[in-house]
Each structure stands twice: as structure tokens, then as C-alpha cells.
Amino acid sequence: MVEYTISEIIVDYLISEGVEYAFGVPGHGCTAFTDVFCDRAGKMKPIMVRHEQGAVHAADGYYRASGRPAICFTSIGPGATNLVTGLATAYVDSSAVIALCGCEPQRDVESGVLQAIYRSHESDFENIMRFTNKRVWTIHKPERTPDIIARAYKEAVTGRPGPVLIAMPFDIQSKAIEVPELPKPSRRRPVGRTLGDPELVKEAAKLLASAERPAILAGGGVILSGASEELVRVAEILGSPVITTMMGKGAIPEDHPLFAGYGGWSGTTSGNEVAKNCDVLFAVGARFADLSTSVYEKGVTYSIPPTKLIHLDLDQLEIGKNYPVEIGIVGDAKATLRLLIKDLEAIVRMRKYENLPWVKKMQQLKKDWEASLEKARSSRKSPPTVPRLLKELRSILDRDAIVLGEAGWAQIFLFQQFPVYLPKTHISSGGFSTMGFAVPASIGAKLAKPERQVVACPGDGGFLMTLHEVATAVQYNIATVTIIINNLGWLCIRDLQWIQCAKGRDIATMFNYEDGKPYDIDFEAFAKSFKAYGATIKKPEEIVPTLKDALKSGMPAVVNAYVDPETVPPMPGKWELPKPEYLIRKLKR
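Residues numbered from 1 in each chain as written. Predicted model: local features only at pLDDT ≥ 70, side-chain atom pairs only at ≥ 80, totals over all residues. Heavy atoms only, no water.

Peer 1: Whenever I open this one, the side chain of Arg 40 confuses me. Can you help?
Peer 2: Assignment of secondary structure puts Arg 40 in the loop between helix H2 (31–35) and strand S3 (45–48). For Arg 40, a relative accessible area of 10% corresponds to the buried category. Here Glu 8 takes part through its side chain, which lies 3.3 Å from a polar atom of the side chain of Arg 40. Setting aside anything within four residues of it in sequence, one finds Arg 40 in contact with Glu 8, Val 11, Asp 12 and Ile 15. (Helix = DSSP H or I, 4+ residues; strand = E, 2+ residues; numbered from the N terminus. Buried < 20%, exposed > 50% of the residue type's maximum accessible area, 1.4 Å probe, protein only. Polar contact = N/O pair within 3.5 Å; in protein donor to acceptor, adjacent residues only side chain to side chain. Contact = heavy atoms within 4.5 Å.)

This is the structure we're talking about:
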């Protein structure tokens, strides 16, 4: 028997699982936990962020870039509750994060100790966190710690990935217990993949082979499963165009002849046309959210039915949730697509898909879409348009560069008009649509892939929410590049207010002084005050040299890129907010 403290058991187990980084903010509620790092230099590195939300986003970005979890840690009380938005972001986007936080000592559950929540209920921190995690544990009995940490890691990474949280009473963190040995990872979680029902896969192969106008929808599950190669192979056997969701962007190289674009409100005309005109749709690891389906209005993005839907997903909850299925298959994308490939190869006669009328039509639609973007992409306006900025950025980045986005017009432009060619090279806060994600997530992504170029592309509004994490990047010399797409406000919300109500009826969206003049922050000076590389772009001819210098600087860089506020992304799909009734009819007053 060997004695370990509870905190040592947790950290040593995570080290045995290969966890390399711990992002967090220490406090009195986790000092026994953080002390463990003193004797484990070189095994797991703590990274001191400036806000706990940033800790989760950094761990989230690390996982999305690498497929390996990192941990985040905080103290008790406000430090712990600051995790909520980051955990919700990871949960909705199926990203594995292991969160650890302090909580009040067991001896003082209802005493009202510093930073505890009590009065109406006995302290119940788990209830606050439950809806943002796959599962939450509180360590009430020290001897359960080896089992809890092994279960928590398994829960985060198996099945549909997601965040988990362990709350550690700070009088228990420091306790020592005797254990025969630490849990062995290989004995505490399953290996292998969940294979879809072979008979259903055979049925799916027959239906796909019989389709005249097949289409494939690649969601985030393809990326998580590492199934991009198999997905492309299925598309090539069938001669099937492929559309992707925001989370699935990168599942197929976007210069592949079968890549058709994206469906939904912020998709592409080619993607929407393929989606609504296909006779069989094969959805892999997608959840059919409202923005990607044009709020389910038939014939705008999808036409299900009459389109026959085959839906493959690891999470049975998603199958048949928003659309009826012809065939629903529960299984891992990579394993099940491999089986499907064998069945298809046995019944489909290979042909040159480039010559198929359905593929030719899609490619013409895609050419027309690209042509429609050219005016904005080639614009000589000052400040430059976002399409011009992204076109120039793509031209100087490596093929495997990682770009990160977050909620707002900047995110939609990046999704819709910035091509990527590899999985895990487009990372964005998708379903929870979190602002302030890109900068801290880029720190995690760069630590996961230090050899790659990593570029965060927040709007100025989003950057202001987590700009303090530039200090983290500088302190640890994590050489990310942040391009602030600066339109001097929350213009996406302004434009939604205009669409919903009327032009001019925007409230609290523009960064203006009381006299209407713009409140313009000098982000270049801000960056330099943080000891980062700082630069500004105001003209299109400044884009390439400025960005090249930022990438070559070898240090954290912030580029303040002013953009034309009136150039907004085209919206080929549909997404509507209900108009206030007093704008529709005269109300009784």
C-alpha cells in the first residue's frame, strides 16, 4: 500500500492518461491541488490564464486541435461559476474537457464560509454545473477518488465526447489515503469503436447505390471520429456531392471536386441547392440545428421528405430528432463508414464522377457562387472588406494552418468564405455561439500543434470579452496571431435588429460615444502594452505585408484589421426572429 493525497491521485492519474496541460486560476479553494504541480515539473504543465472562462476555452481548443483532453482548474465560488460558459460551449460542441474546482469544506457545508452559496438550500454546486457537463462529481469520500477520476476521464472521451467536472472540498484535497496502486487507464475504459448494425449498413448501401442524386452531409461527428478519409471515399464511390455543417468544416478538402459547400442560413447557394434537390441524403455525425436547416422550412435547405434520409450518428438521441429517417444507424462514423465502403464496393460500378450530370450541376452552382463573391473579394475599398481580408489571409497561410472563429459576422464569413483542407483546421464556437472563444482557444490549439500557424479571427466585440488572455500568450510565449475583424460594434446583432424590426431600430450595438462618434480603441497600442506584437490594417494593400510580419514575428501578435461595416455575408438560406407585434399592427392602448 502507498499513501497519496487526493490531489496527487487526480493529477497522477491524468498524467498516466497523457494529459500534458492544466489551464487555470488558483485560489484558496484549490491550493492543495495546485501544490501537486511543484513535484511534477515536466509531466503536466500548469498554464495560468487570466479568467476561468479562458481556462475552459483553452482546454477546449487544445482538444479540438489534437483530439487529446487537457484540464482546467479553479478555486471555489466565483472562480468555479466562471467556468459555466466555457463548459456549455464545449458541451454543445461535443468537446472533451476535464474541469476541477474547489468547493467548501465538508465540515462547513451550511456555515456560510468564504465564497460558498447557501441559505435557501444546503450547498449544491453540482446543480449549477449539471446542465453544462456530461456528468458532475463531488468527492465526499476520499477513498472514492481513484474511481471518480478514472470514471470522469472515461466519461469525457468515450461515446459522444464532452466536458466533465469534479468538485473537490478543500479539506479533502489535502487528505492522504492508502491505495494499493493507481487505476491503470487500459483497465478502466473501453477500446475500439461502436460498429453500426451490419444489416442496416447493407440497406443503406443499397439505397445510396440506387440514388440518382445522392448527397452527403458531414457534421462534427466526422471530425471527432477521424473519419474524413472514409467519408471522402464513400463520396467518390457514389459520385456524391458533400456539404458540411460548421462543426464538420474540414471533413473534406474544400478544393475536392465533390465538395459542394454548406447548407442553411449562412451556407452557400450551391450547398442549399444540393441539399434540397438530392433524392437520398446521407447525414454523418450531424444534428440538424436550426441555422443549418433554414429553421426546418421545407425546400429552403432540405426537403425531407420526399428526400430519403439515412442518418448515422454515435448518439441515438440525434437520429430522427428533427427529421424522419428512412434508415437510422447508431455507430461510430469511422468504423461504420469502413463497413459501408465494403458494401458499396461490392454493388457499385465505379465511374468517373466528374462526368455525372448531378455532379456537373453542383460544380456549376459552386462556380456561380464563387463568382458572386468576387466583387467583395477583389474590392479596393478602405477599410477593406472581410472577404478581401480572408482571401489574402488564405493566400499566405500554410495548407495545415488552424483558424479559429467565434459568434458574429466574423465567424460566418470565416465559415462561408475561408476554405480549409484538413480536419481540425477550422475551430469555432458552434452550437452555443459563444463570443470570446477564439483568443483563449487559440492558445490551447497552438500548444496542441506548436508546429502549425494558428490564427484567431474574432470580431472586435468578441475580442473585448477575453482580450486579457493575450497576457497569457505573452507570458508563456505562445505565438498565436489574432486578427481583430474590427467593424466598431456588434454589427451582426445590429443587422439582425434591422431585419427583425426595421433599419435604424438598433439598440446598444454600435460602439459610439453619446454624441454618435465612434468609440475606436487602439488595439495595436493595447497589444504593445501587453508586450505582444501589434499592428493595424486600414487599407487592402496593407493586408499581406502586415499579416506576414505578424506571422514571422515569432511572438503573440494582435493585428487590428479595420473592415468595411456595410459588407455583410450573403445569406442564401433562412433564419427569422419574430417581429414585435406592435410593428405588425396597431395595438390597443
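Peer 1: Teacher, can you tell me more about the packing of aromatic side chains here?
Peer 2: The way to describe two aromatic rings as a pair is by their centre distance and the angle between their planes. All told, the structure shown has 18 aromatic pairs when counted by the stated rule. Pairing Tyr 296 with Tyr 323 gives two aromatic rings, centres 5.9 Å apart and planes at 65 degrees, and the pair type is edge-to-face. Taken as a pair, Tyr 296 in the loop between strand S12 (280–284) and strand S13 (308–313) and Tyr 323 in the loop between S13 and strand S14 (327–330) lie far apart in primary sequence, 27 residues in all. For the cation-ring pair, Arg 399 lies above Tyr 421, with the distance from its terminal atom to the ring centre recorded as 4.1 Å. For Arg 494, the ring lying beneath its charged end belongs to Trp 498, and the centroid distance is 4.1 Å. (Phe/Tyr/Trp six-rings, centres within 6.5 Å; stacked < 30°, edge-to-face > 60°. Lys NZ or Arg CZ within 6 Å of the ring centre and 35° of its normal.)

Peer 1: Can you walk me through the pairing of strand S19 (residues 533–537) in this structure?
Peer 2: When a strand is regular, its side chains alternate between the sheet's two faces. Bridge analysis of S19 against strand S20 (residues 557–562) gives five bridges, and the strand direction is parallel. Bridging across to S20, Tyr 533 finds its partner in Ala 557. Note on the crossover from S19 through helix H22 (residues 543–552) to S20: the handedness is right-handed. (Pairing = 2+ DSSP bridges. Right-handed = clockwise from strand over helix to strand, strands pointing away.)

Peer 1: Please explain the environment of Glu 254 as it appears in this structure.
Peer 2: Tracing the backbone shows Glu 254 in the loop between strand S10 (242–244) and strand S11 (259–262). Given a relative accessible area of 10%, Glu 254 falls into the buried group. Separated by 166 residues in the primary sequence, Glu 254 and Val 420 have C-alpha atoms spaced 5.9 Å apart. Residue contacts for Glu 254: discarding those within four places in its chain leaves Lys 249, Phe 259, Tyr 262, Phe 418, Pro 419, Val 420 and Tyr 421. One polar contact links Glu 254 to Tyr 262, side chain to side chain, over a distance of 2.8 Å.

Peer 1: Even after reading the chapter, I still don't get the environment of Asp 60, so can you show me in this structure?
Peer 2: Mapped onto the elements, Asp 60 comes out in helix H3 (residues 52–66). Along the chain, Asp 60 and Thr 85 lie 25 residues apart, while their C-alpha atoms are 12 Å from each other. Apart from the residues lying within four places of it in its own chain, the contact partners of Asp 60 are Thr 89, Ala 90, Ser 95, Val 97 and Phe 437. In this structure the side chain of Asp 60 is engaged in a polar contact, spanning 2.7 Å, whose partner is the side chain of Arg 64.

Peer 1: Quick question: what am I supposed to make of the sheet that holds strand S9 (residues 214–218) here?
Peer 2: One key point about sheets: their strands pair by backbone hydrogen bonds, in either a parallel or an antiparallel sense. In space, the six strands of this open sheet follow the order S11-S10-S9-S12-S13-S14, with parallel pairing throughout. Strands at the two margins of the open sheet, each flanked by one partner only, are S11 and S14. Going across the sheet, the axis of each strand differs from the next one's by a mean of 20 degrees, ignoring polarity. Summarising the sheet, S9 and S12 pair through five bridges and their orientation is parallel. Counted as the bridge partner of Ile 216 is Phe 282 from S12. Most of the contacts of helix H9 (residues 198–210) go to S14, to which it runs at about 135 degrees, and overall it touches S12, S13 and S14. Relative to the sheet, helix H11 (residues 228–238) contacts S9, S10 and S12, its axis offset from that of S9 by approximately 170 degrees. (Axes fitted to C-alpha atoms, helices over the stretch in contact; angles between N-to-C directions.)

Peer 1: Can you walk me through the nonpolar core in this structure?
Peer 2: In globular proteins that are soluble, nonpolar side chains generally tend to be buried together. Ranked by internal contacts, the top residues of the largest apolar core, which has 58 residues, are Leu 281, Phe 282, Tyr 302, Ile 310, Leu 337 and Leu 340. In terms of residues, this core owes the most to one element, H11, which gives six residues. Core analysis: the next-biggest nonpolar cluster, separate from the first, contains 40 residues, Ala 58, Ala 80, Phe 125 and Ile 443 among them. (Core = buried A, V, L, I, M, F, W, Y, C linked by side-chain atoms within 4.5 Å.)

Peer 1: In this structure, what is going on with the packing of H11 against helix H13 (residues 333–347)? I would like to understand it.
Peer 2: Any two packed helices are characterised by the angle at which their axes cross and by the distance between the axes. Relative to each other, H11 and H13 sit at 25 degrees, their axes nearing to 9 Å. Relative to H13, H11 is oriented roughly parallel. In the crossing of H11 with H13, the sense of the turn from one axis to the other is left-handed. Where H11 abuts H13, its residues Glu 230, Leu 231, Arg 233, Val 234, Ile 237 and Leu 238 lie against Lys 334, Leu 337, Arg 338, Leu 340, Ile 341, Leu 344 and Glu 345. The residue inventory of the contact of H11 with H13, partitioned by class, reads eight nonpolar, no polar and five charged. (Parallel < 35°, antiparallel > 145°, perpendicular 65-115°, else oblique. Left-handed = near helix turned anticlockwise from the far one by under 90°. Nonpolar A, V, L, I, M, F, W, Y, C, P; charged D, E, K, R; others polar.)

Peer 1: So what exactly am I meant to see when it comes to a nonpolar patch on the surface here?
Peer 2: Taken together, Met 465, Trp 490 and Ile 493 make up a surface patch of nonpolar side chains, about 260 Å² in accessible area. For Ile 493, the location among the structural elements is in helix H20 (residues 491–500). Exposure remark for Ile 493: the relative accessible area of 41% places this residue in the partly exposed category. (Patch = residues over 30% accessible without salt bridge, like charges linked within 9 Å, V, L, I, M, F, W, Y side chains within 5 Å. Areas by Shrake-Rupley, 256 points an atom, 1.4 Å probe, with all protein chains shown as cover. Salt bridge = Lys/Arg side-chain N within 4 Å of Asp/Glu carboxyl O.)

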